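Residues per chain are reported as follows:
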Amino acid sequence: MPPSDTTVNEEPQGVGDGSQDQSLIVFDDVVKRFGDLTVLDDLNFSVAPGERVTLIGPSGSGKTTILRLLMTLEKITEGVIWVGGEPFSHMRRGQGLVHASEGYLRARRKRIGMVFQQFNLFPNMTVRQNIIEAPVHVLGTPKDEANTRAEELLDLVGLGEKIDAHPTQLSGGQQQRVAIARALAMQPEILLLDEVTSALDPELVAGVLDVLREVAETTDITMLCVTHEMSFARDVSHRVLMFDQGRIAEEGPPEQIFGDPREDRTKSFLRSVLDNDF
Amino acid sequence: MWDFQWTLQILPDLLGALGTTVQITLLGYLIALVLGLLIAIARRAPFFGTVLHVATEFIRTTPLVIQVVFVFLLTPAHISPMTVGILVIGVHYAAYTAEVYRSGIEGVAKGQWEAARALSLPARRTWGAIVLPQAIRKVIPALGNYLIATFKDTPLLIAIGVSELLTEAQRIGSASFRVVEVYTVVGFLFLLVSIPSAILLRRLERRYAAV
Amino acid sequence: MDFLIQRLPLYLDGAWVTIQLTIGGCALAFVLAMFFGIMGTIRHWLPRAISTVYVEVFRGIAALVLMFWMAFALPQLSGFRLDDMFAAILALGLNVGAYGAEVVRSSINAVPKAQVEATVALNLSWFQRMRLVVLPQAWAQMLPTFGNLVIELMKATAVVYLIGVADLTAIAQNMRESTGETVIAFIGAFVLYYLIAQVLIFGMRLLERRANRKLGRTPPRGGGMRLPFKPASAGTTQAGGI
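It should be emphasised that the depicted structure is a prediction, and the values quoted were computed from it without experimental measurement.

Caption draft 1: Inspection of the overall build of chain B at higher detail. Summing up its helical and strand segments, chain B has eight helices and zero strands in all. The helix and strand sequence of chain B, counted from the amino end, reads α-α-α-α-α-α-α-α. Summarising its shape, the C-alpha atoms of chain B cover approximately 70 × 45 × 25 Å along the three principal directions. Counting across all 211 residues of chain B, residues that qualify as buried make up 49%. As displayed, chain B offers around 10100 Å² of accessible surface, 68% of which is attributable to carbon and sulfur atoms. When the 17 basic and 11 acidic side-chain charges of chain B are each reduced to a single mean position, those positions are 15 Å apart.

Quick look at the structure:
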């Protein structure tokens, strides 16, 4: 489904504007600093429901930080993030907004799932437990139902027979596919994919990307994807954001970004990536 | 309930006994440091090494207090309880430090031994100039832990009547029938020594961890 | 030999007291270690400060001094007299628990940050994260040092005869006094202590192996476990002496 509204860099008028937006995710003047280092510099962009956005750019340009802010793994320095018309990084207090408490975050972030570069499966659990643990304990899904769903998801990622294996018995690519199933088991509206193939041996990359293509085609999950796999980005995303030094250098549909980049920074970045890949 | 006058009165005696305790600790620990190193090296010998291993294992899995009492009962009367205490504590902790040294020695890269052999250094130079300096540097924090442990084991010398801190406290207590202040002060004196030592040790750890 | 065989029941009585003290002390130490260790990993300063105070105070005071305080000072202070056995277990548990709390704290902190991030991504609560992910993984790391602490606690029980508990050391002293045979009387106790230690070491090894298996780490054959009566290493890590 093509995004209905992809207004970017339109300055929202003060606090509270995110609630007026039709977008699912709104970054409103977001700044993130680590000490003296500014990673995200006054960033504004929004993502429509069902939209699949790929973030590209040189390492250190702040792409991963965007995902980590959305997953509440980092605290925002300035600005506000809105999700579904409600403040996300902050919560309402009277007329204004204050930094979100842990309880508020817990209530909000259950719509978001994330797949990590290093898989981060729990080694103390089997594949099955990795997948059902959160639905059972967080969503309160009955165990039978969670098990059935786990089996379906494992079939989807092509690992049905590995359900009782240990993560350590799986290859990196298999682990990552389990991690995708684990994230999907929480039925997120938004799926964050953080360089999910970067830690894999080259021959295992395709299997993981195929699974993600399948997810993209068969569901309407909103996806934010940081990747160096340009052909994957071209295939699945509705929109590509090119980042450089904490700002959006260029954005557009994948055909334009990859076929006819306008910014020099985009051109040189694409050249370097494609040189490495092929 | 708490008699400060009385506390002040007993403090000099207790501080004197603390001095004795520290003395026992340092002497015992010195024995442990030297003997432990010798054991760690000797344990590499084929047969004698195995015997030593079994012996140190036995020392480490049986209680110090019964070892102290046992040796005390078997020593001639003219040897003072304090000497016996220091020796037994020293040997007991040598069994521990030997393990620490051993892990340090095993941590020295194999290439270092081979390099020494390639230079055909004599055994004494190999150990003294190459292996031990590297091994010991790495285990200094672990060895430091045993200094504090030794200190905290000195009170059990009350079992053979050495006039260390706890023995002195018991003497004062039974002479006066006022034990609350005495034993509480002893507890604080222990903290007074062991907390600063622990802080010092952590500094040491940080310093040597960087290497 | 006859000497020991005749008096074996007495020694076994003493050994049983030693074992009870060890089990009681370990149980208390374990609960305290978990409680204060987990407290030491909480971000808020107050629980962390409480945990540090507990650890430093009870690690800093010798178990025997604590025992004397409870057996002699506490009754005078409160008019309430603890059972000697209970006082001994309390002192041992508080002391070893302080060492254990440090082990728990550092093991929890050693669980990779990425694991914690994964629990955030799955929206687990703090309690669920601890129970389902962090503690099961930290457990394998705690066990080797816990094993050393168990041996140290068992050894530390031997001082209880000084406050009048009839443990294995007390029996050895009694035997010596009633028979005049110092060497034989003590050897009986030494051997029993050694055997108890070996059983404890064996038990802890089994636990370690199980924990590693649960994490999908199978130790190389023969490397993970030794024969129970072959001298095994105990108390070699930093938390060694008590």
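There is more to say, and it comes next.
Caption draft 2: Representation of the overall build of chain C. Within chain C, the regular secondary structure consists of eight helices and zero strands. In chain C, the order of α-helices and β-strands from amino to carboxyl end is α-α-α-α-α-α-α-α. Evaluated residue by residue, chain C yields a buried proportion of 56% over its 242 residues. Taking all contacts inside chain C whose residues are at least 6 apart in sequence as the whole, residues at least 24 apart take part in 76%. As displayed, chain C has an accessible area near 10500 Å², and 66% of this comes from carbon and sulfur atoms.

Caption draft 3: Fine view of the arrangement of the chains. Taking contact number as the criterion, the leading pair out of two pairs of chains in contact is chains B and C. No part of chain A reaches chain B; the closest C-alpha pair between them is 24 Å apart.

Caption draft 4: Structural view of the sheet that holds strand 1 (residues 25–34) of chain A. Residues and elements named next belong to chain A. With antiparallel pairing, four strands are arranged side by side in an open sheet as 2-1-4-5. Looking at the sheet topology across the chains shown, the edges are occupied by strand 2 (37–47) and strand 5 (86–87). Where strand 4 (residues 78–83) lies against strand 5, two bridges are found, and the strand directions are antiparallel. Along strand 5, the bridge assignment pairs Val 83 with Glu 86. Together, strand 1, strand 2 and strand 4 form the strand contacts of helix 1 (residues 63–70), whose direction differs from that of strand 1 by roughly 110 degrees.

Caption draft 5: Molecular detail of the nonpolar core. Of all hydrophobic cores here, the largest spans 133 residues; its most connected members are Leu 14 of chain B together with Tyr 11 and Tyr 54 of chain C. Core analysis: the next-biggest nonpolar cluster, separate from the first, contains 42 residues, Leu 24, Ile 76, Val 83 and Phe 122 of chain A among them.

Caption draft 6: Molecular detail of helix 2 (residues 45–60) of chain C. Under the 1.5 Å per step criterion, the end-to-end length of helix 2 of chain C is 22 Å for 16 residues, consistent within 8% with the ideal 22 Å. All of the buried residues along helix 2 of chain C are Pro 47, Ser 51, Tyr 54, Val 55, Glu 56, Phe 58, Arg 59 and Gly 60 of chain C.

Caption draft 7: Layout of the sheet that holds strand 3 (residues 52–56) of chain A. Residue and element names in this part refer to chain A. Across the sheet, six strands lie side by side as 8-9-10-3-11-12; this open sheet has mixed pairing. Strands at the two margins of the open sheet, each flanked by one partner only, are strand 8 (112–115) and strand 12 (247–252). Taken pair by pair, the neighbouring strands of this sheet meet at an average axis angle of 20 degrees, ignoring direction. The sheet contact formed by strand 3 and strand 11 (residues 239–244) spans four bridges and is parallel. Residue pairing across strands places Leu 55 opposite Leu 241, the latter belonging to strand 11. Running over the sheet, helix 1 touches strand 3, strand 8, strand 9 (190–194), strand 10 (222–226) and strand 11 and is turned about 140 degrees from strand 10.

Caption draft 8: Inspection of empty space enclosed by the protein at higher detail. Under the definition given, this model contains two cavities of 30 Å³ or more. Looking at the second largest cavity, its volume works out to about 40 Å³. Every residue along the wall of the second largest cavity is listed here: Gly 113, Met 114, Phe 116, Ala 179, Arg 182 and Ala 183 of chain A together with Ala 121 and Leu 122 of chain C. Listing elements by their share of the lining of the second largest cavity, those giving two or more residues are strand 8 and helix 5 (172–185) of chain A. Looking at the lining of the second largest cavity, the element that brings in the most residues is helix 5 of chain A, giving three residues. Taken together, the residues of the lining of the second largest cavity sort by class into six nonpolar, one polar and one charged.

Caption draft 9: Representation of the interface of chain C and chain B. Each partner contributes to the interface: chain C provides 48 residues, whereas chain B provides 49 residues. Both sides of the chain C and chain B interface together cover about 4000 Å² of buried area, and 70% of this is carbon and sulfur. The tally of links from chain C across to chain B stands at one salt bridge. Where Glu 56 of chain C meets Arg 202 of chain B, a salt bridge forms, and the shortest distance between an N and an O atom there is 2.9 Å. Seen at the junction of chain C and chain B, the total is eleven residue pairs in polar contact (both at pLDDT 80 or more). Looking at the side of chain C that touches chain B, the elements that each hand over two or more residues are helix 2, helix 3 (63–78), helix 6 (126–156), helix 7 (168–179) and helix 8 (182–214) of chain C. Across the side of chain C that touches chain B, the residue classes break down as 30 nonpolar, 13 polar and five charged.

Caption draft 10: Molecular detail of the confidence of the model for chain C. On average, chain C scores 88 in pLDDT, and the residues at 70 or more come to 89%. Here residues 220–242 of chain C is a poorly scored stretch, pLDDT under 50, and it has 72 contacts once near neighbours within four places are set aside; other chains count.

Caption draft 11: How the structure looks around the packing of helix 7 of chain C against helix 8 of chain C. Residue and element names in this part refer to chain C. Contact geometry of helix 7 with helix 8 gives a least axis separation of 8 Å together with a crossing angle of 165 degrees. Here helix 7 is positioned roughly antiparallel relative to helix 8, judged by the angle of their axes. Where helix 7 crosses over helix 8, the handedness of that crossing is right-handed. Residues Leu 168, Thr 169, Ala 172, Gln 173, Met 175 and Arg 176 of helix 7 form the contact with helix 8, whose participating residues are Thr 182, Ala 185, Phe 186, Ala 189, Leu 192 and Tyr 193. Of the residues assigned to the contact of helix 7 with helix 8, the class counts are eight nonpolar, three polar and one charged.

Caption draft 12: Summary view of the interface of chain C and chain A. If you look at the interface, chain C gives 22 residues, while chain A gives 25 residues. Across the chain C/chain A interface, buried area totals approximately 2000 Å², and carbon plus sulfur atoms make up 56% of it. Counting every contact that joins chain C to chain A gives one salt bridge. Scanning the region where chain C abuts chain A turns up twelve residue pairs in polar contact (both at pLDDT 80 or more). Only helix 5 (113–121), helix 6 and helix 8 of chain C provide two or more residues apiece to the side of chain C that touches chain A. Top contributing element to the side of chain C that touches chain A by residue count: helix 5 of chain C, with eight residues.

Caption draft 13: Focus on the packing of aromatic side chains. Scanning the model with the defined rule gives 20 aromatic pairs over all chains in all. Centre to centre, the rings of Phe 30 of chain C and Trp 139 of chain C are 6.1 Å apart; their planes meet at 80 degrees, and the pair counts as edge-to-face. Placement of the pair is Phe 30 of chain C in helix 1 (residues 2–39) and Trp 139 of chain C in helix 6, with a sequence separation of 109 residues. Stacked on the ring of Phe 122 of chain A, the Lys or Arg Arg 182 of chain A has its end atom at 4.6 Å from the ring centre.

Caption draft 14: Structural detail: helix 3 (residues 127–139) of chain A. With 13 residues, helix 3 of chain A should reach 18 Å at 1.5 Å per residue; the first-to-last C-alpha distance of 19 Å fits that figure. Along helix 3 of chain A, the sharpest change in direction is near 30 degrees and occurs at Glu 133 of chain A; proline Pro 135 of chain A comes one to four residues later. Among the residues of helix 3 of chain A, Val 127, Arg 128, Asn 130, Ile 131, Ile 132, Glu 133, Ala 134, Pro 135 and Val 138 of chain A are the ones counted as buried. Tucked into the core, helix 3 of chain A has its buried residues touching helix 2 (102–108), helix 4 (143–156) and helix 5 of chain A together with helix 6 of chain C. Trailing helix 3 of chain A by a residue or two, Gly 140 of chain A shows a phi angle of about 75 degrees, which is positive.

Criteria and thresholds
Residues numbered from 1 in each chain as written. Chains lettered and ligands numbered in written order. Predicted model: local features only at pLDDT ≥ 70, side-chain atom pairs only at ≥ 80, totals over all residues. Heavy atoms only, no water. Helix = DSSP H or I, 4+ residues; strand = E, 2+ residues; numbered from the N terminus. Buried < 20%, exposed > 50% of the residue type's maximum accessible area, 1.4 Å probe, protein only. Areas by Shrake-Rupley, 256 points an atom, 1.4 Å probe, with all protein chains shown as cover. Lys, Arg positive; Asp, Glu negative; His and termini not counted. Charge placed at Lys NZ, Arg CZ, Asp CG, Glu CD. Contact = heavy atoms within 4.5 Å. Pairing = 2+ DSSP bridges. Axes fitted to C-alpha atoms, helices over the stretch in contact; angles between N-to-C directions. Core = buried A, V, L, I, M, F, W, Y, C linked by side-chain atoms within 4.5 Å. Expected span 1.5 Å × (residues − 1). 1 Å grid on protein atoms, 1.4 Å probe; cavity = no way out; pocket = protein on both sides within 12 Å on 5 of 7 lines; lining within 4 Å. Points joined across faces, edges and corners; volume = space filled by probe spheres on them. Nonpolar A, V, L, I, M, F, W, Y, C, P; charged D, E, K, R; others polar. Buried area = accessible area lost by both parts, 1.4 Å probe. Salt bridge = Lys/Arg side-chain N within 4 Å of Asp/Glu carboxyl O. Polar contact = N/O pair within 3.5 Å; in protein donor to acceptor, adjacent residues only side chain to side chain. pLDDT = per-residue confidence, 0-100. Parallel < 35°, antiparallel > 145°, perpendicular 65-115°, else oblique. Left-handed = near helix turned anticlockwise from the far one by under 90°. Phe/Tyr/Trp six-rings, centres within 6.5 Å; stacked < 30°, edge-to-face > 60°. Lys NZ or Arg CZ within 6 Å of the ring centre and 35° of its normal. Bend = angle between axes of the 7 residues up to and from the residue.

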